[in-house]
Amino acid sequence: MNFIFESLLISDISKKCAKVIHFSEHDNLITSDTNSMGKSVLMKSLYHALGADSDFDKNFDEQNVLFSLQFKKNDNRYRFLRFKNAFAILKNGKMVDYINAKARPNLSLFFKNEFGLSVYLKNREETIEIAPPAYLFIPYYLD
């Protein structure tokens, strides 16, 4: 599943500040000798940008934050933009999808159709349905 993260922009609209993190094409190790340096915010932001609803701490208001994740997959470059529960997806610089909160299952369908990735689970009615994108990445998420 070679998704190669290139950069993550975390932009707080209300505070008018932003941070860009660039990743190496090789292994990236995120460490710090102390707490409260942003390691968890970074990890949760990656997960959040890909469609999970991350549980940020009380000092981080994700409702005011624009997340922009750029990554490569095969010969294509993607950018996922997330603000609140709306997603804009760009492929090689062109917008290919816009998904709002009411159409959230479409994000899972995008992963299935574009990358061949999907997880199916039983719902409360005991029928099988496509799971939210968070289920695709949870095995790789460590915080």
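Refer to the structure printed above.
Report on the accompanying structure. Please read these numbers as outputs of a predicted model, since none were measured by experiment.

Observations concerning the pattern of salt bridges
Okay, step 1: Tallying each qualifying case throughout the model produces five salt bridges.
Okay, step 2: When the shortest N-O distance is used, the salt bridge between Lys72 and Glu25 registers 2.9 Å. Within this pair, whereas Lys72 is found in strand β3 (residues 65–73), its partner Glu25 is found in the loop between β2 (17–22) and α1 (39–49), the two being separated by 47 residues in sequence.
Okay, step 3: As a salt-bridge pair, Glu126 and Lys122 come within 3.7 Å of each other at their nearest N and O atoms. Each member of the pair Glu126 and Lys122 is classed as exposed.

Considerations on unusual backbone geometry
Okay, step 1: Backbone geometry places Asn74, a non-glycine residue, at a positive phi of 60 degrees.
Okay, step 2: Note on Asn74: relative accessible area 63%, which makes it exposed.
Okay, step 3: Phi is positive for Asn92, close to 55 degrees, though the residue is something other than glycine.

So, the packing of aromatic side chains
Okay, step 1: A complete count under the given rule lists 16 aromatic pairs for this structure.
Okay, step 2: With centroids separated by 6.2 Å and ring planes inclined at 50 degrees, the aromatic side chains of Phe71 and Phe115 adopt a geometry described as tilted. Of this pair, Phe71 sits in strand β3 while Phe115 is found in helix α2 (residues 105–115), placing the two residues 44 residues apart along the sequence.
Okay, step 3: Look at Phe71 and you get buried, because its relative accessible area is 0%.
Okay, step 4: On the basis of an interplanar angle of 70 degrees and a centroid distance of 6.0 Å, the ring pair of Phe80 and Phe110 is categorised as edge-to-face.

Notes on the side chain of Ser45
Okay, step 1: Note on placement: Ser45 falls in helix α1.
Okay, step 2: Taking the relative accessible area as the measure of exposure, Ser45 reaches 0% and is therefore buried.
Okay, step 3: A distance of 2.6 Å separates a polar side-chain atom of Ser45 from the backbone oxygen of Val41.

Concerning the pairing of strand β5 (residues 86–91)
Side chains on a regular strand alternate between the two faces of the sheet.
Okay, step 1: Most of β5 is tucked away, with five of its six residues classed as buried.
Okay, step 2: Pairing of strand β4 (residues 76–83) with β5, which is carried by six bridges, proceeds in the antiparallel orientation. Its bridge partner lying in β5, Tyr78 is registered against Lys91.
Okay, step 3: Where β4 folds back on β5, the antiparallel hairpin that results is connected by two residues, among which Lys84 adopts a positive phi of roughly 55 degrees.
Okay, step 4: Pairing of β5 with strand β6 (residues 94–99), which is carried by five bridges, proceeds in the antiparallel orientation. Bridge pairing links Lys91 to Lys94 in β6.
Okay, step 5: Where β5 folds back on β6, the antiparallel hairpin that results is connected by two residues, among which Asn92 adopts a positive phi of roughly 55 degrees.

Overview of the sheet that holds strand β1 (residues 3–12)
Okay, step 1: Strand order in the open sheet formed by six strands is β2-β1-β3-β4-β5-β6, with antiparallel pairing between adjacent strands. Looking at strand neighbours, the two that pair on one side only are β2 and β6, the edges of this open sheet. Sheet twist, expressed as the mean angle between neighbouring strand axes with direction ignored, is 15 degrees.
Okay, step 2: The sheet contact formed by β1 and β3 spans nine bridges and is antiparallel. Within the sheet, the bridge partner assigned to Leu9 lies in β3 and is Ser68.
Okay, step 3: The strands that α2 touches are β1, β3, β4, β5 and β6; relative to β4, the one it contacts most, it runs at about 175 degrees.

Rules and cut-offs
- Residues numbered from 1 in each chain as written.
- Predicted model: local features only at pLDDT ≥ 70, side-chain atom pairs only at ≥ 80, totals over all residues.
- Heavy atoms only, no water.
- Salt bridge = Lys/Arg side-chain N within 4 Å of Asp/Glu carboxyl O.
- Helix = DSSP H or I, 4+ residues; strand = E, 2+ residues; numbered from the N terminus.
- Buried < 20%, exposed > 50% of the residue type's maximum accessible area, 1.4 Å probe, protein only.
- Phe/Tyr/Trp six-rings, centres within 6.5 Å; stacked < 30°, edge-to-face > 60°.
- Polar contact = N/O pair within 3.5 Å; in protein donor to acceptor, adjacent residues only side chain to side chain.
- Pairing = 2+ DSSP bridges.
- Axes fitted to C-alpha atoms, helices over the stretch in contact; angles between N-to-C directions.
- Contact = heavy atoms within 4.5 Å.

No statement about biological role is implied by the geometric values presented.
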